[in-house]
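Here's the letter readout for the chains.
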Amino acid sequence: MAAAKEEMYPKKILEYMEGYLVSKTLFTACELGVFDLLQDSEIPLAAADVARALNSSEDGMNRLLSACTGLDLLTTQNTADGPVLYSNTEMSSVFLTKSSPRSLYHSIDYNSNTMYLCWHYLPHAVREGKTQYEKAFGVSSKDLFEAVYRSDKEMVKFMWLMNSIWNVCGRDVISAFDLSPFRSIYDLGGCSGALARQCVKLYPDCTVTIFDLPKVVQMSREHFLSPEEDRISFHEGDFFKDSLPEADLYVLARILHDWTDERNVELLSKIHQSCRPGGGVLVVEALLSEDNSGPLTAQLYSLNMLVQTEGRERKGSEYAALLTRAGFTTVHIHNTGKIYDAVLGLKTGPPL
């Protein structure tokens with residue numbers, strides 16, 4: 001007789017069901033300053049020391065540190081007769097401490113205190129097919145930017161999010177194509193300038209102008225860009241309402257996923273009109289696969305767009321179609337194998 005079939009065990013479902021526990025553990029450790037404290041300490045610390053320094057209960061902190069160790073965010077060291085001692089892993093030191101140039105701390109803060117609240121209303125978003133900002137924060141989202149930038153504090157928080165993302169992912173998308181022929185670059189919605197900095201590092205002959213709302217430009221000057229970055233300048237304006245200066249290349253990084261196809265064709269057509277012959281537009285987004293099989297991160301991001309905006313994530317072919325409708329004659333698609341991918345649309349004309 002054949003052996004009885006082993007009873008099915010729903011391992012993945014159980015992991016998915018409790019996935020939010022992992023996220024919130026990470027969020028809490030960052031918010032309380034666990035990784036910063038351990039980074040600043042010259043020696044491993046016991047849970048009691050961490051709790052005392054961070055004004056937390058010893059029992060609660062002991063449980064939090066233990067969970068972070070299970071997540072491979074901390075390492076432990078046993079002492080002969082004393083308590084367990086904790087230290088950061090290399091990954092945590094690089095990506096979870098505020099002082100690191102590659103820190104994702106601000107991205108985590110935005111996920112915890114903005115996106116996490118919106119996702120409580122995901123069932124409503126799926127049923128209604130529209131953003132849930134008003135339910136989450138009591139703020140009308142008729143204007144996306146007024147919703148996201150509902151206060152100076154929220155604006156800076158979102159800008160830090162963008163800054164941290166491009167500090168980690170920017171080089172991959174800016175180097176996806178050879179952009180050296182494009183000397184004059186306009187980064188539309190360039191926010192903190194992190195992607196502009198990647199451009200001028202990789203392409204020494206280019207200049208980059210960050211085109212963004214006046215308040216965003218003011219915050220960028222105050223919080224992110226130093227006067228020494230002389231190949232980066234600013235242009236205040238609304239790229240939907242105001243005219244676009246002529247340039248060789250326009251960059252749209254995490255912009256088109258915010259909007260409907262119609263608004264995107266409107267913006268891309270405007271860019272095509274202002275773009276020099278032989279120039280183009282670089283679209284940076286998380287691309288969905290053509291057969292709807294993944295990547296999971298892009299699929300989840302698309303749900304996030306439903307919850308927070310009027311847009312969605314798209315396939316490479318869908319961005320190509322939008323660019324073609326706007327007048328761009330040649331489209332190249334590059335999957336980086338990481339979170340964000342690149343699509344380059346070119347305007348007919350002699351090479352620059």
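Here is what the cut-offs are and how they apply
- Residues numbered from 1 in each chain as written.
- Predicted model: local features only at pLDDT ≥ 70, side-chain atom pairs only at ≥ 80, totals over all residues.
- Heavy atoms only, no water.
- Helix = DSSP H or I, 4+ residues; strand = E, 2+ residues; numbered from the N terminus.
- Buried < 20%, exposed > 50% of the residue type's maximum accessible area, 1.4 Å probe, protein only.
- Contact = heavy atoms within 4.5 Å.
- Areas by Shrake-Rupley, 256 points an atom, 1.4 Å probe, with all protein chains shown as cover.
- Lys, Arg positive; Asp, Glu negative; His and termini not counted.
- Charge placed at Lys NZ, Arg CZ, Asp CG, Glu CD.
- Axes fitted to C-alpha atoms, helices over the stretch in contact; angles between N-to-C directions.
- Left-handed = near helix turned anticlockwise from the far one by under 90°.
- Nonpolar A, V, L, I, M, F, W, Y, C, P; charged D, E, K, R; others polar.
- Parallel < 35°, antiparallel > 145°, perpendicular 65-115°, else oblique.
- Phe/Tyr/Trp six-rings, centres within 6.5 Å; stacked < 30°, edge-to-face > 60°.
- Lys NZ or Arg CZ within 6 Å of the ring centre and 35° of its normal.
- Domains from an automatic or database assignment.

## A few points about the overall build of the protein
Then comes step 1: Of regular secondary structure, the protein possesses 16 helices and 10 strands.
Then comes step 2: Expressed along its principal axes, the backbone C-alpha trace of the protein runs to roughly 75 × 65 × 45 Å.
Then comes step 3: Per-residue burial for the protein yields a buried fraction of 46% across its 352 residues.
Then comes step 4: Intrachain contacts of the protein at a sequence separation of at least 6 include 67% that bridge at least 24 residues.
Then comes step 5: For the protein, the exposed area adds up to about 17800 Å²; of that, 53% sits on carbon and sulfur atoms.
Then comes step 6: Charge-centre separation for the protein: the mean point of 33 positive side chains lies 4 Å from the mean point of 46 negative side chains.

## Observations concerning the packing of helix H11 (residues 152-174) against helix H12 (residues 194-202)
Then comes step 1: Where H11 contacts H12, the two axes come as close as 8 Å, and the packing angle between them is 35°. Every pair of crossing elements has a handedness; the one defined by H11 and H12 is right-handed. For the pair formed by H11 and H12, the contact residues are Asn163, Trp166, Asn167, Gly170, Arg171, Val173 and Ile174 on the first element and Ala194, Leu195, Arg197, Gln198, Cys199 and Leu202 on the second.
Then comes step 2: Taken together, the residues of the contact of H11 with H12 sort by class into 7 nonpolar, 4 polar and 2 charged.

## Description of the packing of helix H7 (residues 105-119) against helix H15 (residues 296-308)
Then comes step 1: Here H7 crosses H15 at 75°, and the two axes come no closer than 9 Å. One way to sum up the angle between H7 and H15 is to call them roughly perpendicular. Residue-level contacts link Tyr110, Thr114, Met115, Cys118 and Trp119 of H7 to Leu300, Leu303, Asn304, Val307 and Gln308 of H15.
Then comes step 2: Its residues assigned to classes, the contact of H7 with H15 comprises 7 nonpolar, 3 polar and no charged.

## A few points about the packing of aromatic side chains
Then comes step 1: A full pass over the atoms with the stated rule returns 9 aromatic pairs.
Then comes step 2: Pairing Trp166 with Tyr340 gives two aromatic rings, centres 5.2 Å apart and planes at 55°, and the pair type is tilted. Here the residue Trp166 occupies a position in helix H11, and Tyr340 occupies one in the loop between strand S9 (330-334) and strand S10 (341-346), the gap between them amounting to 174 residues.
Then comes step 3: By relative accessible area, Trp166 is classed as buried at 4%.
Then comes step 4: Seen in terms of ring centroids, Phe240 and Trp259 are 5.1 Å apart; in terms of plane orientation they differ by 75°. Their pairing is edge-to-face. Highlighted residues: Phe240 in the loop between strand S6 (232-236) and strand S7 (247-253) and Trp259 in the loop between S7 and helix H14 (261-274), separated in sequence by 19 residues. No difference in accessibility class separates Phe240 from Trp259, as the two residues are buried.
Then comes step 5: Three or more aromatic residues joined by ring pairs make a cluster, and in this case those are Trp166, Tyr301 and Tyr340.
Then comes step 6: The cationic tip of Arg263 hangs over the ring face of Phe240; the distance from NZ or CZ to the ring centre is 4.0 Å.

## Comments concerning the domain arrangement of the protein
Then comes step 1: Taken domain by domain, the protein consists of domain 1 (19-96) and domain 2 (171-347).
Then comes step 2: Placing a centre on the C-alpha atoms of domain 1 and another on those of domain 2 gives a separation of 38 Å.

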